[in-house]
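Given next are the chains, with one letter for each unit.
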Amino acid sequence: MTVRTRFAPSPTGYLHVGGARTALFNYLYARKHGGQFVLRIEDTDLERSTPESVNAILEGMTWLALDYDEGPFYQTHRFDRYNAVIDEMMAKGLAYRCNCSRERLDKLREDAMAAKEKPRYDGHCRHQHVSADEPHVIRFKTPMEGSVVIDDLVRGRVVIPNSELDDLIIRRTDGSPTYNLTVVVDDHDMAITHVIRGDDHLNNTPRQIHMYQAMGWELPAFGHVPMILGDDGSRLSKRHGAVSVMQYRDDGYLPEALLNYLVRLGWSHGDQEVFSIDEMVALFDIADVNKSASSFSTEKLQWLNQHYIKASEPTHLARLLSPQFAKFDIDPSDGADLIQVAIAQQERAKTLEEMAEISAFIYHDFDDFEEAAAKKHLRPVAAEPLRAVRDRLASLDDWSPEPLHAVVQTLANEMQLNMGKIAQPLRVAVVGRAASPGIDVTLYLVGKPAALRRIDKALAFIEARAQN
RNA sequence: GCUCCCUUCGUCUAGCGGUUAGGACGCUGGCCUCUCACGUCGGUAACAGGGGUUCGAAUCCCCUAGGGAGCGCCA
């Protein structure tokens, strides 16, 4: 039997990191076992499902390169099939019509709560004859005796007494099927062998198992993975920062970094932290997934992102870096080569957005020197070396890192100064702040005209300051 | 309220009856150094609490506490 897994999001929003991890686990499990990974859109909630959300989810899957072998299948295209199953259940006496009013149901719930019991439908209509002509729902007859055993792939054995369950609605008054019915039909029809999903579904599983059994269908294996919490331990939400997968792309994260981060949330392989997709496929096992929820740490994600930035091809980085400059009103196409910028900065940025930010000086003049940096480095003592280096740079023809380095180094030697005594004032003059790549590369990227222009500005600044 | 699930450094985790409780992020000290960063060497910090079982418990059992989920004509 070949392994088949699925990811089945409901299109009521973007693809968030929790869903992405569930998708990743399903993807890895299928790939590891040479099986198939299916994408299914659970859009039976006509009120809340939107085409925009479907697109957002598809886009997220594409960006993460979680490619699926089949689908996307849409549940709204399968209503005939669901209805056929419900009709079959009716014909076999596995389900019944119910016309209990909302008021009665509400009262039932209230009474149960008041009596400190779990709210459950009381099966009132099980033995009532409800005509097909009047408005009604259809309920599935849940066994009243015994219990259900789930041998969960991550939780282990979970036993739930049937007395905790009730007769759930499988077809609404408007004729549409409900979630618990549609998942069961789909997972069966699509021959899903391993249902890996969030543990918020653990409580639904016994009801679903009953439906499989009533229909005489083979059960898939279930694996319920724990939730992802925010960094304060509460349910992950927008106030924790980005939760949408696409937001991470826009913020300058690499998909391989996000995937690597996500796979380590709840899963591990000894002490290993960095995994390529191939390694994940080879090493992942659903049985090694933890039972407890974990908190999302943006800091650790950033560390991984920087790791992947450092390991990336500069040409690749340059392509991804380019759009980040728009945030700083910069068009990098008319300035230094982005590949050279990527090479110079790839060890200095945690995200591509940060890389663009710290590279802005390469493309346009800054307004003011950063106060602390200017105070420390643009002092009167720096004027002489700055003037000297300016003269030599002005007469330099080959404006590339090696000669630039030679200029600064030689001057330092001649003036018997430490490199820092010249490089730092020069850096602040050209960059506007005290941090940048090596001074030679910095000068090279800024270019000769801008460098000289900015040094002049710094000299004027020092002079103005000396006056006061 | 009821049912189910969970509980090792601040965070992610290793551990699967005998370990100085290991690694990673973060924080932090040193080194490297023209700055920042990278790299590198070190430091900080945990078995939720209480009972058992056992010669011996982070590991097995029970209770308590805390956290989460579910109890929809949502998925």
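Per chain, the residues get numbers from 1 upward, laid out in the order the sequence is written. To label them, take the chains in the order written and letter them from A, then take the ligands in the order written and number them from 1. The predicted origin of the model limits local features to residues at a pLDDT of at least 70 and limits the giving and counting of side-chain atom pairs to 80 or more, whereas totals for whole chains, interfaces and linings rest on all residues. As a rule here, side-chain values come from all non-hydrogen atoms in the structure, and water together with hydrogens is ignored.

S.K.: Looking at this structure, how should I read the packing of helix H11 (residues 314-321) against helix H13 (residues 352-363)?
M.R.: Across the interface, H11 lies against H13 with an axial gap of 10 Å and an inter-helix angle of 85°. Between H11 and H13, the crossing angle belongs to the class labelled roughly perpendicular. Facing Leu317, Leu320 and Leu321 of H11, the residues of H13 in contact are Leu352, Met355 and Ala356. Each residue receives one of three labels: charged for Asp, Glu, Lys and Arg, nonpolar for Ala, Val, Leu, Ile, Met, Phe, Trp, Tyr, Cys and Pro, and polar for the others, Gly being one of them. Taken together, the residues of the contact of H11 with H13 break down into 6 nonpolar, no polar and no charged. Interaxial angle, 0 to 180 degrees, is taken between N-to-C directions of lines fitted to C-alpha atoms, where a helix line uses only the stretch in contact. Segments assigned H or I by DSSP are reported as helices when at least four residues long, segments assigned E as strands when at least two residues long, and all are numbered from the N terminus. The labels follow the angle: roughly parallel below 35 degrees, roughly antiparallel above 145, roughly perpendicular from 65 to 115, and oblique for the rest. A contact between two residues is defined here by any heavy atoms of the two lying within 4.5 Å.

S.K.: I'm lost on the confidence of the model for chain A in this one. Help?
M.R.: Detailed reading of the predicted coordinates is not advisable wherever pLDDT falls low. The score called pLDDT rates the predictor's confidence residue by residue, from a low of 0 to a high of 100. Overall, the prediction assigns chain A a mean pLDDT of 94, with 99% of residues at 70 or greater. Both confidence scores are given for the complex: pTM 0.95, ipTM 0.95.

S.K.: Hey, could you run me through the protein's contact with RNA strand B in this one?
M.R.: As a matter of local geometry, RNA strand B sits amid 59 residues, with Arg155, Arg172, Gly266, Glu347 and Arg348 nearest to it. The criterion for a residue being near a molecule or strand is simple. One of its heavy atoms has to lie within 4 Å of it. In RNA strand B, atoms within 4 Å of the protein come 69% from sugar and phosphate. Taking Asp45, its side chain carries an N or O atom lying 2.5 Å from a sugar or linking oxygen of RNA strand B. Counting residues per element, the ones that place at least two in the surface near RNA strand B are helix H4 (102-114), strand E12 (294-295), helix H10 (298-311) and helix H17 (419-431). The residue inventory of the surface near RNA strand B, partitioned by class, reads 16 nonpolar, 19 polar and 24 charged. Here a polar contact is recorded for every N or O atom pair within 3.5 Å, except that within protein the pair must consist of a potential hydrogen donor and a potential acceptor, and residues adjacent in sequence are included only if both atoms are side-chain atoms.

S.K.: Please clarify how the pairing of strand E9 (residues 194-198) should be interpreted in this entry.
M.R.: On a regular strand, each side chain points to the face opposite its neighbour's, so the side chains alternate between the two faces of the sheet. Relative accessible area decides the class of each residue, using a 1.4 Å probe on protein chains only: under 20% of the type maximum gives buried, over 50% gives exposed, and in between gives partly exposed. Counting buried positions along E9 yields 5 of 5 residues, so the element is predominantly enclosed. Any two strands with at least two DSSP-identified bridges between them are counted as paired. Two strands pair when backbone bridges link them, and E9 and strand E10 (residues 221-225) are joined in this way by 5 bridges, in the parallel orientation. Among the inter-strand pairings, His194 is bridged to a residue of E10, identified as Ala221. Every crossover in which the path from the first strand over the helix to the second runs clockwise, viewed with the strands pointing away from the viewer, is termed right-handed. Note on the crossover from E9 through helix H6 (residues 205-215) to E10: the handedness is right-handed.

S.K.: Can you help me understand the layout of surface pockets in this one?
M.R.: Regions of empty space are outlined by a rolling probe, equal in size to a water molecule, passed over the atoms. Computed over the protein atoms alone on a 1 Å grid, cavities are sets of points where a 1.4 Å probe fits but cannot get out and pockets are open sets with protein on both sides within 12 Å along at least five of seven lines; a residue lines them when it has an atom within 4 Å of a point. Grid points are joined across faces, edges and corners, and a volume is the space filled by probe spheres set on the points. By volume, the largest pocket amounts to about 1,300 Å³. Contributing to the lining of the largest pocket are 41 residues, with Ser10, His16, Asp200, His201 and Arg235 lying nearest its centre. Here the lining of the largest pocket gets 4 residues from one element, more than from any other, and that element is helix H1 (residues 17-32). Among the residues forming the lining of the largest pocket, the class breakdown is 15 nonpolar, 14 polar and 12 charged. One number sums up the size of the second largest pocket: a volume of about 730 Å³. If one sorts the elements of the lining of the second largest pocket by residue count, H4 sits on top with 5 residues.

S.K.: Before we go on, may I ask you to explain empty space enclosed by the protein in this structure?
M.R.: Enumeration over the complete set of coordinates arrives at 1 cavity of 30 Å³ or more. Every residue lining the largest cavity is listed: Asp231, Leu236, His240, Ala242, Tyr248, Phe296 and Thr298. Here the lining of the largest cavity is built from residues that sort into 4 nonpolar, 2 polar and 1 charged.

S.K.: What am I meant to see in the packing of aromatic side chains here?
M.R.: Aromatic ring pairs are reported here in terms of the distance separating the ring centres and the angle at which the planes meet. Any two of the Phe, Tyr and Trp rings considered here, Trp counted by its six-membered ring, make a pair once their centres fall within 6.5 Å; the pair's planes then place it as stacked at under 30 degrees, edge-to-face at over 60, or tilted in between. Applying the stated rule across the entire model yields 11 aromatic pairs. Aromatic pair Trp267 and Phe284: ring centres 5.6 Å apart, planes at 45°, arrangement tilted. One end of the pair, Trp267, is in the loop between helix H8 (255-263) and helix H9 (277-283); the other, Phe284, is in the loop between H9 and E12, with 17 residues separating them in the sequence. On the basis of relative accessible area, Phe284 is assigned to the buried category, the value being 0%. Ring plane angle 65° and centroid distance 5.2 Å describe the contact between Phe369 and Phe461, whose orientation is recorded as edge-to-face. Highlighted residues: Phe369 in the loop between H13 and helix H14 (371-377) and Phe461 in helix H19 (residues 448-467), separated in sequence by 92 residues. By relative accessible area, which is 10% here, Phe369 ends up buried. By way of ring pairs, the aromatic residues Phe25, Trp267, Phe275 and Phe284 are connected into one cluster.

S.K.: Looking at this model, I keep getting lost on the sheet that holds strand E8 (residues 169-171). Mind explaining?
M.R.: Across a sheet, strands are paired by hydrogen bonds formed along the backbone, either parallel or antiparallel in direction. Reading across from one edge, E4-E5-E8 is the order of the 3 strands in this open sheet, with antiparallel pairing throughout. Of all strands in the sheet, those with a lone pairing partner are strand E4 (95-98) and E8, marking the two edges. Going from strand to strand, the sheet's axes swing by 45° on average, the running direction of each strand aside.

S.K.: Explain the packing of helix H15 (residues 380-394) against H17 here, please?
M.R.: The axes of two packed helices give the description: the angle between them and the distance between them. Running from N to C, H15 and H17 point in directions that differ by 80°, and their axes come no closer than 9 Å. By the angle between their axes, H15 is roughly perpendicular relative to H17. Residue-level contacts link Ala382, Pro385, Leu386 and Val389 of H15 to Ile422, Pro425 and Leu426 of H17. Of the residues belonging to the contact of H15 with H17, the class tally is 7 nonpolar, no polar and no charged.

S.K.: How should the environment of Lys141 be read in this particular structure?
M.R.: Secondary-structure assignment places Lys141 in the loop between strand E5 (137-140) and strand E6 (147-152). Lys141 gets classed as partly exposed once you look at its relative accessible area, which sits at 31%. With 51 residues separating them in the primary sequence, Lys141 and Met90 have C-alpha atoms 10.0 Å apart. What Lys141 contacts, discounting residues up to four positions off in sequence, is Gly93, Leu94, Ala95, Tyr96, Arg126 and Asp167. One polar contact links the side chain of Lys141 to the main-chain carbonyl oxygen of Gly93, over a distance of 3.2 Å.

S.K.: Looking at this structure, how should I read unusual backbone geometry?
M.R.: The bulk of non-glycine residues show a negative phi, and the bulk of peptide bonds are trans. Residue Pro72 is bonded to the preceding Gly71 through a cis peptide linkage, with omega at 5°. Unusually for a residue other than glycine, Asp329 sits at a positive phi of about 55°. Checked against the element boundaries, Asp329 lands in the loop between H11 and helix H12 (338-345).

S.K.: Can you walk me through the pattern of salt bridges in this structure?
M.R.: Between side chains of opposite charge, pairing is possible as soon as their charged atoms come close. We define a salt bridge as a side-chain nitrogen of Lys or Arg found within 4 Å of a carboxyl oxygen belonging to Asp or Glu. Applying the stated rule across the entire model yields 30 salt bridges. Residue Asp69 is joined to Arg31 by a salt bridge in which the shortest nitrogen-to-oxygen separation is 3.2 Å. Of this pair, Asp69 sits in the loop between helix H2 (51-63) and strand E3 (70-74) while Arg31 is found in helix H1, placing the two residues 38 residues apart along the sequence. Classification of Asp69 by relative accessible area gives partly exposed; the value is 41%. By relative accessible area, which is 22% here, Arg31 ends up partly exposed. Here Arg454 and Asp365 are joined by a salt bridge, their closest N and O atoms 2.8 Å apart. Of this pair, Arg454 sits in helix H19 while Asp365 sits in the loop between H13 and H14, and the two are 89 residues apart along the sequence. The exposure class of Arg454 is buried, given its relative accessible area of 3%. Within this structure, Arg6, Arg40, Glu42, Arg78, Arg81, Asp186, Asp187 and Asp189 form a network of salt bridges that share partners.

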